[in-house]
Amino acid sequence: MNFNGKRLYKKRGGMICGVCAGLAEYLDVDVTIVRLIWAICFFTGIGFLAYIAASLIMPFEDEIR
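This is a predicted model, so every value here is computed, not measured.

Colleague: Please give an account of the packing of helix 1 (residues 19-27) against helix 2 (residues 31-44) that cites residues and values.
Modeller: To describe two helices that pack against each other, one gives the angle between their axes and the distance between the axes. One way to put it is that helix 1 packs onto helix 2 with a least axis distance of 8 Å and a crossing angle of 120°. With respect to helix 2, the element helix 1 is oriented oblique. For helix 1 against helix 2, the interelement crossing comes out right-handed. Contacts from Val19, Cys20, Ala21, Leu23 and Ala24 of helix 1 reach helix 2 at Val31, Val34, Arg35 and Trp38. Taken together, the residues of the contact of helix 1 with helix 2 sort by class into eight nonpolar, no polar and one charged.

Colleague: Go over unusual backbone geometry, please, and point to the residues and values.
Modeller: A positive phi angle is found at Asp28, which is not glycine, with a value near 60°. Its place among the elements puts Asp28 in the loop between helix 1 and helix 2.

Colleague: Before we move on, could you go through the environment of Cys17 and cite the residues and values that matter?
Modeller: Structurally, the position occupied by Cys17 is in the loop between strand 2 (6-7) and helix 1. Its relative accessible area of 28% is what places Cys17 among the partly exposed residues. Taking the C-alpha atoms as reference, Cys17 lies 9.4 Å from Ala54; in sequence the two are 37 residues apart.

Colleague: Describe the packing of aromatic side chains, naming the residues involved and giving the relevant values.
Modeller: All told, the structure shown has three aromatic pairs when counted by the stated rule. For the pair Trp38 and Tyr51, a centre-to-centre distance of 5.4 Å together with 85° between the ring planes defines the contact as edge-to-face. Placement of Trp38 in helix 2 and of Tyr51 in helix 3 (residues 47-57) is noted, with a sequence separation of 13 residues between them. On the basis of an interplanar angle of 70° and a centroid distance of 6.0 Å, the ring pair of Phe42 and Phe48 is categorised as edge-to-face.

Colleague: Which residues make up the packing of helix 2 against helix 3, and what values do they have?
Modeller: Between helix 2 and helix 3, whose axes approach to 6 Å, the crossing angle comes to 125°. As judged from the angle between their axes, helix 2 and helix 3 are oblique. Listed contacts from helix 3 to Trp38, Cys41 and Phe42 of helix 2 are Gly47, Phe48, Ala50 and Tyr51. When grouped by side-chain class, the residues that make up the contact of helix 2 with helix 3 number six nonpolar, one polar and no charged.

Criteria and cut-off values
- Residues numbered from 1 in each chain as written.
- Predicted model: local features only at pLDDT ≥ 70, side-chain atom pairs only at ≥ 80, totals over all residues.
- Heavy atoms only, no water.
- Axes fitted to C-alpha atoms, helices over the stretch in contact; angles between N-to-C directions.
- Helix = DSSP H or I, 4+ residues; strand = E, 2+ residues; numbered from the N terminus.
- Parallel < 35°, antiparallel > 145°, perpendicular 65-115°, else oblique.
- Left-handed = near helix turned anticlockwise from the far one by under 90°.
- Contact = heavy atoms within 4.5 Å.
- Nonpolar A, V, L, I, M, F, W, Y, C, P; charged D, E, K, R; others polar.
- Buried < 20%, exposed > 50% of the residue type's maximum accessible area, 1.4 Å probe, protein only.
- Phe/Tyr/Trp six-rings, centres within 6.5 Å; stacked < 30°, edge-to-face > 60°.

See the structure below:
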């Protein structure tokens, strides 16, 4: 995914798969905000499936450079 020269990817060393850290860097927001949004979505039902899908689809940072 490319938006204004930015690329969406997972970050190695993240809490679980690095999805939230990569998404936070892409959106230029604090990772805690992204994790809170994922947690809220998790408890509403769709967050778990979305996180699993993102962790399978998104490449790692070093795989795209």
